[in-house]
Amino acid sequence: RTEQIRAAWGGYRLDDRYDRLRLANDYLENRLALNYGDRSVMSALRSNYCIDHLAAAKGATSITLETTNSTGVPGVEYRWSDMCAFTRGAARQFQIPWCWYVAIYLNGYTREGRWVTDSVCKNLRQVYNGNPLGGISCSLERRAFYYAYLNGANAIEPEGWFNHMLQTNSVGTKVELSDRGRMFSAFHNFTAAHPDRGTTYAPVAILVPFAQGRTAYGGQAWGKTPYRPGDYALDAVFYSIVQGSERAKWLREGREGNLHNSRRAMMYDVLVPDSTQPKEEFARALAAYPAAILAGEYRDPSLFEDVLADYVKKGGELHRIGPGMLPPLDGRAPADIFSGARKFPAVERLLDDIQARLFPFEVEGDVLYGANRTKTGWWVWCLNNRGVVKFIGEKETVDPAAASRVRIRMKPEAGRPGRVRELIEGDDVPVDGASFEAVVPAGDVRVFAL
């Protein structure tokens, strides 16, 4: 069958985003055939390629995001906040549940500078090549669990949990929880004690082309096709929400990345206006968002322009990211964007203006943050992604000096907090009028219930 396979594969132009879309669609058709055409049992899991909307449009009844720290190229990274916006946005657009699969693998360096691929934590002695000091840090894994829960994932699964959440005791007579196992148990107990996490507050939709095939780090569509102005515009939006980092340098220093502090709230979902979804269903999904940002390159805007016109007519605010808002596009663009060297002042001003009007809190401090609307008030959550060093083959270290002090103020439209309680430590937080202050330790999470 070799010639048949070559003939079929040779029909695709892999440097064309629409042929990539066709290839992915054919793959999903074959998946569906393996399910005897039964969409009710069809699910989809993805890591690097943010194609959740494609799977949902094909009939997947659940979609799963896999986060990992195992890019093969030191200069690019999986940006988990971007990935979350895609998966949750697809779940909301197509009204299906979504899940978060937390992988533990790490591609990175030893302290001596030796590159290691697929380092993983394995505590059980009887497991081949077990290494209790491999994989991502326990801190990053923990932050991933809380970030997934706070962002609304319907299920959370730790990869290979039996390997790294269990360990053989010192005399090899029984299996018990490892440090990571106790960490996950405490996280589980948090979710059981606080089941009313509410709804993640995301008032802004970022509209992305169906054929984008965006990778977890952006750049070329499908990681392969020519980099065009529409790709540049999308990078401008996502890298203005959470700026890039010097990934290769960070890895050599034992800094993991993936989750980054930002001065902007995590208040965005990704929707796709030109999918195969019926127009009225997309219009219904878009109506839930007070504001939308349109970016990217669309083959046929007529598929959705009337929906956008009606959205604006009914009070939605629509912003289009065009060339006039961006610095000139040149060959250095993707690398400079990934590293954080290239800024987009006009896009940043737009995001600041939207947040000032639509996000009900002012948050000062070096953290990654967002808010959830609950039955009784609000949760405001903060992750401090600084201060953790994890070289491959070594135990992580946390620098207490990297703690972040935050000041959070409720805007008048959100009311005044009668009481603030931090839910992880269980402490009451003093309130000064509409504001309160707290410290988020390095590599840690705090959840404030108002």
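Residues numbered from 1 in each chain as written. Predicted model: local features only at pLDDT ≥ 70, side-chain atom pairs only at ≥ 80, totals over all residues. Heavy atoms only, no water.

## Some points on the packing of aromatic side chains
Any aromatic ring pair is given by two values, namely how distant the centres are and how the planes are angled relative to each other.
Line of reasoning, step 1. Taken as a whole and assessed by the stated rule, the structure comprises 27 aromatic pairs.
Line of reasoning, step 2. Judged by centre distance (5.9 Å) and plane angle (85°), the ring pair of Tyr 217 and Phe 338 falls under edge-to-face. With Tyr 217 in the loop between β9 (204-207) and α8 (229-241) and Phe 338 in helix α12 (residues 333-339), the pair connects residues that are 121 residues apart, well separated along the chain. Exposure class is identical for Tyr 217 and Phe 338. Each is buried.
Line of reasoning, step 3. What links up through ring pairs into an aromatic cluster is the set Phe 145, Tyr 146, Tyr 149, Phe 184, Phe 187, Phe 190 and Trp 379.
Line of reasoning, step 4. Its end group placed over the ring of Tyr 239, Arg 79 keeps NZ or CZ at 3.7 Å from the ring centre. (Phe/Tyr/Trp six-rings, centres within 6.5 Å; stacked < 30°, edge-to-face > 60°. Helix = DSSP H or I, 4+ residues; strand = E, 2+ residues; numbered from the N terminus. Buried < 20%, exposed > 50% of the residue type's maximum accessible area, 1.4 Å probe, protein only. Lys NZ or Arg CZ within 6 Å of the ring centre and 35° of its normal.)

## As for the pattern of salt bridges
Line of reasoning, step 1. Considering all chains together, one arrives at 38 salt bridges under this definition.
Line of reasoning, step 2. Measuring nitrogen to oxygen at the nearest pair gives 3.1 Å for the salt bridge that ties Glu 253 to Arg 255.
Line of reasoning, step 3. Put simply, Arg 357 and Glu 317 hold a salt bridge, and the shortest N to O gap is 2.7 Å. On the criterion of sequence distance, the pair formed by Arg 357 in helix α13 (residues 345-358) and Glu 317 in strand β12 (residues 317-320) is long-range, its members being 40 residues apart. (Salt bridge = Lys/Arg side-chain N within 4 Å of Asp/Glu carboxyl O.)

## Some thoughts on the state of the cysteines
Line of reasoning, step 1. For the structure shown, the criterion picks out zero disulfides.
Line of reasoning, step 2. Free cysteine Cys 50: the closest other cysteine sulfur is in Cys 84, separated by 11 Å.
Line of reasoning, step 3. Residue Cys 50 is classed as buried on the basis of its relative accessible area, which comes to 6%.
Line of reasoning, step 4. With no disulfide of its own, Cys 138 lies closest to Cys 121 among cysteine sulfurs, the gap being 8.5 Å.
Line of reasoning, step 5. On the basis of relative accessibility, which here comes to 18%, the residue Cys 138 falls in the buried class. (Disulfide = S-S within 2.5 Å.)

## Thoughts on unusual backbone geometry
Line of reasoning, step 1. Even without glycine at this site, Tyr 36 takes up a positive phi of about 55°.
Line of reasoning, step 2. Within the fold, Tyr 36 resides in the loop between α2 (17-34) and β1 (43-46).
Line of reasoning, step 3. The phi angle at Gln 95 is positive, at roughly 55°, despite the residue not being glycine.
Line of reasoning, step 4. As for its placement among the helices and strands, Gln 95 is situated in the loop between α4 (80-94) and β3 (98-109).

## Quick notes on the sheet that holds strand β15 (residues 378-383)
Line of reasoning, step 1. Taken together, the six strands give an open sheet; going across it, the order is β8-β14-β15-β23-β19-β20, and neighbouring strands pair in antiparallel fashion. Taken across any chain shown, the strands that pair with only one partner, and hence form the sheet edges, are β8 (199-200) and β20 (427-428). (Pairing = 2+ DSSP bridges.)

## What to know about the pairing of strand β10 (residues 268-271)
Line of reasoning, step 1. Here β10 shows a buried face lined by Tyr 268 and Val 270 and a second buried face lined by Asp 269 and Leu 271.
Line of reasoning, step 2. The sheet contact formed by β9 and β10 spans four bridges and is parallel. Bridge assignment links Leu 207 to a residue of β10, and that residue is Leu 271.

## Some thoughts on α2
Line of reasoning, step 1. An ideal rise of 1.5 Å per residue puts 26 Å on 18 residues; α2 measures up with 26 Å between its terminal C-alpha atoms.
Line of reasoning, step 2. Those residues of α2 that are buried lie in contact with α1 (2-9), α3 (52-57) and α8.
Line of reasoning, step 3. With a side-chain oxygen lying 2.8 Å from the backbone nitrogen of Tyr 18, the N-terminal cap of α2 falls on Asp 16. (Expected span 1.5 Å × (residues − 1). Contact = heavy atoms within 4.5 Å. Polar contact = N/O pair within 3.5 Å; in protein donor to acceptor, adjacent residues only side chain to side chain.)

## What about the sheet that holds β9?
Line of reasoning, step 1. In space, the four strands of this open sheet follow the order β10-β9-β11-β12, with parallel pairing throughout. What marks the edges here is a single partner per strand, and that holds for β10 and β12. Across the sheet, the axes of successive neighbouring strands diverge by a mean angle of 25°, strand direction being ignored.
Line of reasoning, step 2. In the sheet, strand β11 (residues 291-294) pairs with β12 via four bridges, with the strands oriented parallel. For Ala 292, the partnering residue across the bridge sits in β12 and is Leu 318.
Line of reasoning, step 3. Set on the sheet, α8 makes contact with β9, β10 and β11; between it and β9 the angle comes to about 145°. (Axes fitted to C-alpha atoms, helices over the stretch in contact; angles between N-to-C directions.)

## Brief notes about the packing of helix α5 (residues 138-150) against helix α7 (residues 179-193)
Line of reasoning, step 1. At a closest axis distance of 10 Å, the pairing of α5 and α7 adopts a crossing angle of 20°. When the axis of α5 is compared with that of α7, the two are roughly parallel. As for how α5 packs across α7, the hand of that crossing is right-handed. The residues of α7 that touch α5, namely those facing Cys 138, Glu 141, Arg 142, Phe 145, Tyr 146 and Tyr 149, are Arg 180, Met 183, Phe 184, Ala 186, Phe 187, Phe 190 and Thr 191.
Line of reasoning, step 2. Grouping the amino acids of the contact of α5 with α7 by side-chain chemistry returns nine nonpolar, one polar and three charged. (Parallel < 35°, antiparallel > 145°, perpendicular 65-115°, else oblique. Left-handed = near helix turned anticlockwise from the far one by under 90°. Nonpolar A, V, L, I, M, F, W, Y, C, P; charged D, E, K, R; others polar.)

## Details of the environment of Ala 295
Line of reasoning, step 1. Its place among the elements puts Ala 295 in the loop between β11 and α11 (305-313).
Line of reasoning, step 2. The spatial distance from the C-alpha of Ala 295 to the C-alpha of Val 307 is 16 Å, given a sequence separation of twelve residues.
Line of reasoning, step 3. In contact with Ala 295, other than residues within four places in its own chain, are Leu 207, Val 208, Pro 209, Ala 233, Leu 234 and Ile 321.

## Side note on helix α10 (residues 279-286)
Line of reasoning, step 1. Listed in full, the buried residues belonging to α10 are Phe 282, Ala 285 and Leu 286. An end-on view of α10 places all buried positions within 95° of arc, on one side of the element.
Line of reasoning, step 2. At its buried positions, α10 is contacted by α4, β9, β10, β11 and α11. (Arc of directions from axis to C-beta.)

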